[in-house]
Amino acid sequence: MESLRIAVCEDNPEEQKRLLAMIEAVGISASCTVFDSGEAFLQAYIAGKYDLIFMDIYMAEMTGIETVTVIRQIDEHVPIAFVTTSTDHTLESYRLEALKYIEKPVKEKAVRELLKLAQMKKEIFPHLNLKVGGKEISVSFDRILYAEQKAHTLYFFLTGGEVLLANEKLDNVEKLFAEQPFFRCHKSYLVNLSCVKALDTELMVFAMKEGKNVHIRRESMGKAKKVFQTYLFGQARRMGNE
């Protein structure tokens, strides 16, 4: 099992140290990144980058509630735990689908339970199993921006700039993406529609949210338009029903 990727957004240095010490004491493998403001967190945030976020509610400038409201516009699934000195925002935490609402001073038991929940969600969330560098790893589908075939190597470009190389063929793994929002737009490319910012018909590319372009085969342009429009319509309808 991969380490949990955890973000701690907390503007009090002592509270940061205390929470990091508790995470380490739990004994579940985790890598933590600390932010001292909601603004700094959002500037660095990319959907799929973390498996768990600890979010302080009362911070200078942008509050934790405001920060998570923005997060939910770009990432519906990431588990978030609010950490606070008050219960005043319990209802808002439900609205924002927070995994937990933890009162300060934080107890190690609450942190342990939270990490176990995040680990469980990571295990059951749809993921792709790959053999990379002789080791079996799993990566959640929502972290994959696109896959590209180059010669005998399959490159998986992930959120945050990470790239995985597998000795595989796109033709062989494409069927594993059947239930996910991916589209084979070129013989060498498989793109994640949820990570597409726009479709450029002149350049014949999908412009990705992280700045890269994914080529579309000329013969597939008509189908690409239809598939992308259908995906966007489905997303809009689902959000309208919530």
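This is a predicted model, so every value here is computed, not measured.

A. Region of the structure containing the overall build of the protein chain. The helix and strand tally for the protein chain stands at 7 helices and 15 strands. Computed over its C-alpha atoms, the radius of gyration of the protein chain comes to 20 Å, within 12% of the 18 Å expected for a compact globule of 242 residues. The principal-axis extent of the C-alpha atoms belonging to the protein chain is close to 60 × 45 × 25 Å. Here the protein chain, with 242 residues, has 43% of them falling under the buried criterion. A fraction of 51% describes how many contacts in the protein chain between residues 6 or more apart in sequence connect residues 24 or more apart. A total of about 13,200 Å² of accessible surface is found on the protein chain, and carbon and sulfur atoms cover 51% of it.

B. Main features of the sheet that holds strand β3 (residues 52–56). Across the sheet, which stays open at both edges, the 5 strands sit in the order β2-β1-β3-β4-β5 with parallel pairing between neighbours. Of all the strands in the sheet, just β2 (30–35) and β5 (100–103) have a single pairing partner and so form its edges. Neighbour-to-neighbour, the strand axes of this sheet turn through a mean angle of 20°, independent of strand direction. In the sheet, strand β4 (residues 80–84) pairs with β5 via 4 bridges, with the strands oriented parallel. Among the inter-strand pairings, Phe82 is bridged to a residue of β5, identified as Tyr101. Most of the contacts of helix α1 (residues 13–26) go to β2, to which it runs at about 170°, and overall it touches β1 (4–9), β2 and β3.

C. Region of the structure containing the sheet that holds strand β15 (residues 213–215). The sheet built from 3 strands is open, its strands ordered β13-β14-β15 with antiparallel pairing. Each of the sheet's edge strands pairs with one partner strand only, and the pair in question is β13 (196–200) and β15. On average, each strand axis in the sheet is tilted by 25° relative to the strand beside it, whichever way the strands run. Judged from the 4 bridges that link them, β13 and strand β14 (residues 205–208) form a sheet pairing that is antiparallel. Within β14, the position partnered with Val196 by the bridge is Met208.

D. Up close: helix α5 (residues 108–124). Taking 1.5 Å of rise per residue, 17 residues should cover 24 Å, and α5 covers 25 Å from first to last C-alpha, within 8% of that figure. All of the buried residues along α5 are Val111, Leu114, Leu115, Ala118 and Lys122. Along the axis of α5, the buried positions cluster into a sector of 100°, meaning they face one direction only. In α5, those exposed residues whose orientation departs by more than 90 degrees from the buried face are Lys109 and Ile124. On its buried side, α5 packs onto β1, α1, β3, β4 and β5.

E. Focus on the side chain of Glu10. Counting through the fold element by element, Glu10 comes out in the loop between β1 and α1. In this structure Glu10 touches Glu15, Gln16, Phe35, Asp36, Asp56, Met59 and Lys104, once residues within four positions along its chain are discounted.

F. Highlighting the nonpolar core. Counting residues in hydrophobic clusters, the biggest one holds 19 residues, and the most contacted among them are Cys185, Val191, Phe206, Met208 and Val214. Counting only elements with at least two residues in this core, the list comes to β8 (144–150), β11 (182–186), β12 (189–192), β13, β14 and α7 (221–241). Considering every element that reaches this core, the biggest residue donor is α7, with 4 residues.

G. Representation of the pairing of β4 in the model. Most of β4 sits out of view: 5 of its 5 residues are buried. Because side chains alternate across β4, one face comprises the buried residues Ile80, Phe82 and Thr84, and the other comprises Ala81 and Val83, equally buried. Taken together, the 4 bridges between β3 and β4 define a ladder with parallel strand orientation. Paired with Phe54 across the two strands is Ala81, which belongs to β4.

H. Quick peek at unusual backbone geometry. That bond from Lys104 to Pro105 is cis: its omega, -5°, falls within 30 degrees of zero. As for its position among the elements, Pro105 is in the loop between β5 and α5. A positive phi angle is found at Glu61, which is not glycine, with a value near 65°. With respect to the secondary-structure elements, Glu61 resides in the loop between β3 and α3 (64–74). Phi is positive for Met204, which is not a glycine, with a value near 60°. Along the chain, Met204 turns up in the loop between β13 and β14.

The rules behind these values
Residues numbered from 1 in each chain as written. Predicted model: local features only at pLDDT ≥ 70, side-chain atom pairs only at ≥ 80, totals over all residues. Heavy atoms only, no water. Helix = DSSP H or I, 4+ residues; strand = E, 2+ residues; numbered from the N terminus. Rg over C-alpha atoms; globule rule 2.2 N^0.38 Å. Buried < 20%, exposed > 50% of the residue type's maximum accessible area, 1.4 Å probe, protein only. Contact = heavy atoms within 4.5 Å. Areas by Shrake-Rupley, 256 points an atom, 1.4 Å probe, with all protein chains shown as cover. Pairing = 2+ DSSP bridges. Axes fitted to C-alpha atoms, helices over the stretch in contact; angles between N-to-C directions. Expected span 1.5 Å × (residues − 1). Arc of directions from axis to C-beta. Core = buried A, V, L, I, M, F, W, Y, C linked by side-chain atoms within 4.5 Å.

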